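Structural overview for review
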Amino acid sequence: MKKILLLLLILLSLDGLAQEIPLLSNIYGRDYQSLNGKWNYVVDPLENGYYGYRLEVLKNGFFKNRKAQHPGELVEYNLDTSPIMDIPSDWNMKDKQLFFYEGTVWFKKDFELNKKPDKKYILYFGAVSYDAKVYVNGEKVGEHVGSFTPFNFDVTGYVKSGSNFVVVKVDNKRHKDNVPTLNKDWWNYGGITREVMLAEVSGAYIQDYFVQLEKGSADNLKVWVRLNDNKVNQEITFSIPELKIRTTLKTNENGLAEISLKVKPQLWTPENPKLYDINIAAPEDEVSDQIAFRTIETQGKEILLNGKHIFLRGVSIHEEAPYSQGRAWSKEHARTLLTWAKEMGCNYVRLAHYPHNENMVREAEKMGLMVWSEIPVYWTISFENEATYQNAQRQLHDMIYRDKNRANVIIWSIANETPHSDARDKFLSRLATYARTQDNTRLISMAMEVTEAPNNLNRLDDNMNEYVDIISFNQYVGWYRATNEDARKMKWEVPYNKPVIISEFGGDALKGLHGDKTERWTEEYQEELYIRNLEMLDQIDGLSGLSPWILVDFLSPRRQLPRIQDWYNRKGLVSSWGEKKKAYKVMQDYYQKKKMQFQ
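These numbers were taken from a predicted model, which means no experiment stands behind them. (Residues numbered from 1 in each chain as written. Predicted model: local features only at pLDDT ≥ 70, side-chain atom pairs only at ≥ 80, totals over all residues. Heavy atoms only, no water.)

Interaxial distance between helix α5 (residues 386–403) and helix α6 (residues 422–438) falls to 10 Å at its minimum, and their mutual angle equals 30°. Viewed along their axes, α5 and α6 adopt a mutual orientation that is roughly parallel. Crossing handedness for the pair α5 and α6: right-handed. Counted together, Glu 386, Thr 388, Tyr 389, Gln 390, Ala 392, Gln 393, Leu 396, His 397 and Ile 400 of α5 and Phe 427, Arg 430, Leu 431, Tyr 434, Ala 435 and Gln 438 of α6 form the full contact between these two elements. For the contact of α5 with α6, a count of residues per class yields eight nonpolar, five polar and two charged. (Axes fitted to C-alpha atoms, helices over the stretch in contact; angles between N-to-C directions. Helix = DSSP H or I, 4+ residues; strand = E, 2+ residues; numbered from the N terminus. Parallel < 35°, antiparallel > 145°, perpendicular 65-115°, else oblique. Left-handed = near helix turned anticlockwise from the far one by under 90°. Contact = heavy atoms within 4.5 Å. Nonpolar A, V, L, I, M, F, W, Y, C, P; charged D, E, K, R; others polar.)

Have a look at this one:
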């Protein structure tokens, strides 16, 4: 019995080596070495580099990066001579043979390091899609599941001065119990899709911090700082030079220091997106950031930003690279997409259907765009599976953790178009409750569906109404149901005393295809659909915002119609190549009127 317990302890300790550490907040404010650039890759559809022929995990798989030591030695791979791929990217667009590929690809990057004895080294990934197993110098350092949130590992004990290499096994196969699940209306991009960095920090470093106005207050600033160790009474200096704030905090036995301060900041608005430089200095570490301050709340059927009634003039956006194909990830991608939204008159964007890259959120904040941020609990999730719930909660946690200091994020969304059931209600109510424990300063919502009733009456009836702050729903009159002309007859009933956002509406049009306004796929049909839908939706009591579907056409394996869709969802108001469709102008004019109305 003692031997069994000892073996279990050993196994647990070994497993502990392969675990993530808490995310290093604000990676861009740290000293880091970029590992972006040229990576070797090997396509491994049978996972021969990971499993033996009896499906046992190999001790000397591709992660060892082995080289034949003499001409007679059998080594059936060579990461050094394999093809090259630019990272960040997705393999679907970088290699034509991998356009539809779902499976395993191995990636390898060589790097040099001048290792310092008093420093820690944190290997940080912005995102890997979907299942990542990470190795440094042939040793496993950890793994992560989920395509859209960052993760990192302490690799101090794995790296050395001089030449090093990192190998990542990436597997994007879909599974029923995943989040998202098997069926979805966007491309299943595979690869290392966001930035990779090796951060150099002190032995006792600033792990995380929170600097935001307390809920319901425009002058009470809540600040907390967490170090990676649990030493008590460590002094931390917090400052906002422009506000003449400089104060000292001391950590408790958990390495946490917190304080509330009276402040009089200029509040962030879309018209004036003011950010303040802040600095946090610990005994061995220091980090700077730019932070904005605002309040966001609801009152009856109104949304209040800094106490003022606002209308969310928005659009939904997928993480699709403009003027090209593939996953967007860079500041340049973000600025282009967000500029198209701003030019349309937006003050808000719905980043669907998953957490977008950090560049997107930060650039939106600088440009004066409020953000709806969402996790991919989408359509038919396995609501009765506890492991699926834990996966969803982890993604929700990581989304909030990364962006809790971004004042432009005003809504955490927990789901999109989920079918009603008791299991679903329990699943989503748990997520909503959990989100509030992580951050009570923002609003909670989700994209619901509408129940049709006789006499063109559309009624929203969803048990989740009590768990959200904003009632949001998707509707597709003129495309998936009824006609554009039928929109004139539609009535809407939302029986809740809460603001309403139409999280999606729209229809497809191929840019440059013209015809009668009753002809599907033409720009004229889409234009007419927007005109009639806006007239209809304006009649909804408590309408507080719109995020039509969608800013830009995006790749989807569900969209197969030759010469029209060609694997694209064509609901974009802008083509993939930046060409604005006629409906774009309809939204632009509508938002100009709304802007004047809410000044």
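Each domain of the chain was delimited in the assignment, giving domain 1 (27–201), domain 2 (217–293) and domain 3 (297–598). Taken over C-alpha atoms, the centre of domain 2 sits 33 Å from the centre of domain 3. The interface is formed by twelve residues belonging to domain 2 together with 16 residues belonging to domain 3. Contact between domain 2 and domain 3 buries roughly 1100 Å² in total, counting both sides, with carbon and sulfur atoms accounting for 62%. When the buried surface of domain 2 facing domain 3 is broken down by residue, Trp 268, Pro 270 and Asp 289 rank first, second and third, together holding 46% of it. Summed over the shared surface of domain 2 and domain 3, the result is two salt bridges. Across the contact surface, domain 2 and domain 3 share four residue pairs in polar contact (both at pLDDT 80 or more). (Domains from an automatic or database assignment. Buried area = accessible area lost by both parts, 1.4 Å probe. Salt bridge = Lys/Arg side-chain N within 4 Å of Asp/Glu carboxyl O. Polar contact = N/O pair within 3.5 Å; in protein donor to acceptor, adjacent residues only side chain to side chain.)

All right, on to the pattern of salt bridges then. Oppositely charged side chains are able to pair whenever their charged atoms sit close together. According to the stated counting rule, one finds 54 salt bridges in the structure shown. Arg 30 serves as the salt-bridge partner of Asp 285, at 3.6 Å between the closest nitrogen and oxygen. A residue pair is termed long-range when its members are at least 10 positions apart, and Asp 285 in the loop between β16 (276–281) and β17 (286–291) and Arg 30 in the loop between α1 (2–17) and β1 (32–34) qualify at 255 residues. The two residues Asp 285 and Arg 30 agree in class, both being buried. With a shortest N-O distance of 3.5 Å, Lys 582 and Glu 524 are connected by a salt bridge. Pair noted here: Lys 582 is in helix α8 (residues 582–597) and Glu 524 is in helix α7 (residues 523–537), with a separation of 58 residues, a long-range link. (Buried < 20%, exposed > 50% of the residue type's maximum accessible area, 1.4 Å probe, protein only.)

The next subject is the packing of aromatic side chains. As enumerated under the stated definition, the model contains 32 aromatic pairs in all. Ring centres 6.1 Å apart and planes at 15° place the aromatic pair Phe 210 and Trp 224 in the stacked group. Within this pair, whereas Phe 210 is found in strand β11 (residues 206–213), its partner Trp 224 is found in strand β12 (residues 220–227), the two being separated by 14 residues in sequence. Its relative accessible area of 7% is what places Phe 210 among the buried residues. Following the ring pairs from residue to residue traces out a cluster consisting of Phe 62, Phe 63, Tyr 77, Trp 106 and Tyr 135. Just above the ring of Tyr 276 sits the side chain of Lys 274; from NZ or CZ to the centre is 4.9 Å. The ring of Phe 311 has Lys 594 sitting right over it, with the charged end atom 4.7 Å from the ring centre. (Phe/Tyr/Trp six-rings, centres within 6.5 Å; stacked < 30°, edge-to-face > 60°. Lys NZ or Arg CZ within 6 Å of the ring centre and 35° of its normal.)

Once that is clear, we can look at the UniProt feature "domain: Glycoside hydrolase family 2 catalytic" (unreviewed entry) in the chain. The feature "domain: Glycoside hydrolase family 2 catalytic" (unreviewed entry), as given by UniProt, occupies residues 297–530 in the numbering adopted here. Taken end to end, residues 297–530 is 28% helix and 24% strand, and its two terminal C-alpha atoms sit 29 Å from one another. (UniProt positions renumbered as here; feature names shortened; annotations may be inferred.)

Tracing the chain through its elements places Thr 441 in the loop between α6 and β26 (443–449). Side-chain polar atoms of Thr 441 contact the side chain of Asp 439, separated by 2.6 Å. Apart from residues lying up to four places away in sequence, Thr 441 is in contact with Phe 210, Leu 213, Lys 215 and Ile 296.

Moving on, we get to α7. In this model, α7 (15 residues) spans 21 Å end to end at C-alpha, consistent with the 21 Å of a helix rising 1.5 Å per residue. The element α7 is largely enclosed, with a buried count of twelve among its 15 residues. Glu 523, Glu 524, Tyr 525, Gln 526, Glu 528, Leu 529, Tyr 530, Arg 532, Asn 533, Leu 534, Met 536 and Leu 537 are the residues of α7 that are buried. Structurally, α7 contributes buried residues whose contacts are with β30 (491–493), β31 (500–504), β32 (543–546) and α8. (Expected span 1.5 Å × (residues − 1).)

A separate point is the sheet that holds strand β28 (residues 457–459). Strand order in the open sheet made by the three strands is β27-β28-β30, with mixed pairing throughout. Each having just a single partner strand, β27 (451–453) and β30 make up the two edges of the open sheet. With strand direction ignored, the average angle separating the axes of adjacent strands in the sheet is 30°. Across three bridges, the pairing between β27 and β28 is antiparallel. Following the sheet pairing, Glu 452 is matched in β28 by Asn 458. (Pairing = 2+ DSSP bridges.)

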